[in-house]
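# Structural overview
Below, each chain spelled out in residue letters.
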Amino acid sequence: MLDAFSFVIPAYNEAARIGETITTVLNYLRDHSPQSEVIVVDDGSNDSTAEVVREYFSRADGIETHLLQRSPNEGKGAAVRAGLLAATRSVSLFSDADLSTPIDEAPKLLVPIFNGELDVAFGSRALNRKLIGHRQAWYREEGGRVFNLIMRLTTGLPYWDTQCGFKAFRMEAFRPILAQTEINGFGFDVEFIYLAHNAGLRIREIPVRWNHNEGSKVDYVRDSWRMVKEVVELRIR
């Protein structure tokens, strides 16, 4: 069994798959961490995401659940920040809405934090690529490598995959960092890790299983350039 934690899911126009995700998460928590909570942050969706979340939350069967609705859409970084700020457990983990990293990988990140070894643990696709099941298109993988190189050169961070949507935090240590964050777009992952690294928090990059799922909300060209811009501005700031 796992100690209680907050499981945060940012969601934007996820009506088609958020129900299956919530079902998977609730089933896992019932078996492994029934005192945990689930927080879904609807970031200004213009589909029926909120209605689907409410429907599936009604079947939570004892697991504490919360739906945060934000409007207008501000970006994944803003949604994750809101979810983490609303978390009530001592440790929080956020995951992409498609569970591209399966929830049963959560102990890899949570246990070292519960054991007092780490303040921040984040999943990585780069440390063991044998754990990748369904891969992205080759140009996305190469683009990710280029972005990581730019990130490392710009920030000096030693990590190989800051963008995997599976990260856990000891909130007592990370909440002051969270209050300093400003990036609302997809560059928020780098900001989280960069500020935590500079503050001397104990951080570890941990290999996890991962599968690419269709339906990504990332516009490859537009959002890639925006992420680079956000990282450069972060370093200047």
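Placed above this text is the structure.
All values reported here derive from a predicted model rather than from experimental measurement.

Burial runs high along helix α3 (residues 76-86): nine of the 11 residues are buried. Among the residues making up α3, those that are buried are K76, G77, A78, A79, V80, R81, A82, G83 and L84.

Turning next to the sheet that holds strand β7 (residues 203-207). Here we have seven strands laid out as an open sheet, ordered β3-β2-β1-β4-β6-β5-β7, and mixed in their pairing. Each having just a single partner strand, β3 (64-70) and β7 make up the two edges of the open sheet. Going from strand to strand, the sheet's axes swing by 20 degrees on average, the running direction of each strand aside. In this sheet, β3 lies alongside strand β2 (residues 37-43) in parallel orientation, the contact comprising seven bridges. The residue bridging D43 from the neighbouring strand is R70, located in β3. Together, β1 (6-11), β2 and β3 form the strand contacts of helix α1 (residues 18-32), whose direction differs from that of β1 by roughly 175 degrees. α3 contacts β1, β2, β3, β4 (91-95) and β6 (166-170) of the sheet and is inclined by roughly 145 degrees relative to β2.

Now for the packing of aromatic side chains. To describe a pair of aromatic rings, one takes the distance between the centres and the angle between the planes. By the definition in use, this model includes eight aromatic pairs. When the centroid spacing of 5.2 Å and the interplanar angle of 80 degrees are considered together, the rings of F188 and F192 count as edge-to-face. With a gap of four residues between them, F188 and F192 both fall in helix α7 (residues 188-198), about one helical turn apart. Among the aromatic side chains, those forming a connected cluster through ring pairs are F94, F169, F174, F188 and F192. The ring centre of Y56 lies 4.4 Å from the NZ or CZ of R59, which sits over that ring. Against the face of W210 rests R125, its NZ or CZ located 5.0 Å from the ring centre.

In this structure, R30 sits in helix α1. Sequence separation of R30 and G62 is 32 residues, and the distance between their C-alpha atoms is 8.3 Å. Leave out the neighbours within four places in its chain, and R30 touches R59, A60, D61 and I63. There is a polar contact of 2.7 Å between the side chain of R30 and the side chain of N27.

When their charged atoms lie close together, side chains carrying opposite charge are able to pair. With the rule as written, the count across this model stands at 17 salt bridges. Note that D189 and K167 form a salt bridge whose closest N and O atoms lie 2.7 Å from each other. Residue D189 is found in helix α7, and its partner K167 is found in strand β6; the two are separated by 22 residues along the sequence. Look at D189 and you get buried, because its relative accessible area is 2%.

By secondary structure assignment, the location of T49 is in helix α2 (residues 49-57). The exposure class of T49 is buried, given its relative accessible area of 0%. In terms of polar contacts, T49 uses its side chain to reach the side chain of D47, at 2.6 Å.

We now examine the packing of α1 against α2. Running from N to C, α1 and α2 cross one another at 30 degrees; their axes reach a closest spacing of 9 Å. On the basis of the axis angle, α1 is roughly parallel to α2. Where α1 crosses over α2, the two elements pack in a sense that is right-handed. Contacts between α1 and α2 involve I18, G19, I22, T23 and L26 from the first element and T49, V52, V53, Y56 and F57 from the second.

Right, let's talk about the pairing of β6 for a bit. Of all five residues that make up β6, four are buried, and the element is covered over most of its length. In this structure, strand β5 (residues 120-124) lies alongside β6, joined through three bridges in antiparallel fashion. Paired with F122 across the strands is K167, a residue of β6.

The omega angle of the peptide bond from S71 to P72 is 0 degrees, so this bond is cis rather than trans. By the secondary structure assignment, P72 is in the loop between β3 and α3. Unlike most non-glycine residues, D61 shows phi in positive territory, near 55 degrees. Following the sequence through the fold, D61 ends up in the loop between α2 and β3. Accessibility expressed as a relative area gives 64% for D61, which makes it exposed. Even without being glycine, L99 reaches a positive phi, approximately 50 degrees.

So, how was this worked out
- Residues numbered from 1 in each chain as written.
- Predicted model: local features only at pLDDT ≥ 70, side-chain atom pairs only at ≥ 80, totals over all residues.
- Heavy atoms only, no water.
- Buried < 20%, exposed > 50% of the residue type's maximum accessible area, 1.4 Å probe, protein only.
- Helix = DSSP H or I, 4+ residues; strand = E, 2+ residues; numbered from the N terminus.
- Pairing = 2+ DSSP bridges.
- Axes fitted to C-alpha atoms, helices over the stretch in contact; angles between N-to-C directions.
- Contact = heavy atoms within 4.5 Å.
- Phe/Tyr/Trp six-rings, centres within 6.5 Å; stacked < 30°, edge-to-face > 60°.
- Lys NZ or Arg CZ within 6 Å of the ring centre and 35° of its normal.
- Polar contact = N/O pair within 3.5 Å; in protein donor to acceptor, adjacent residues only side chain to side chain.
- Salt bridge = Lys/Arg side-chain N within 4 Å of Asp/Glu carboxyl O.
- Parallel < 35°, antiparallel > 145°, perpendicular 65-115°, else oblique.
- Left-handed = near helix turned anticlockwise from the far one by under 90°.

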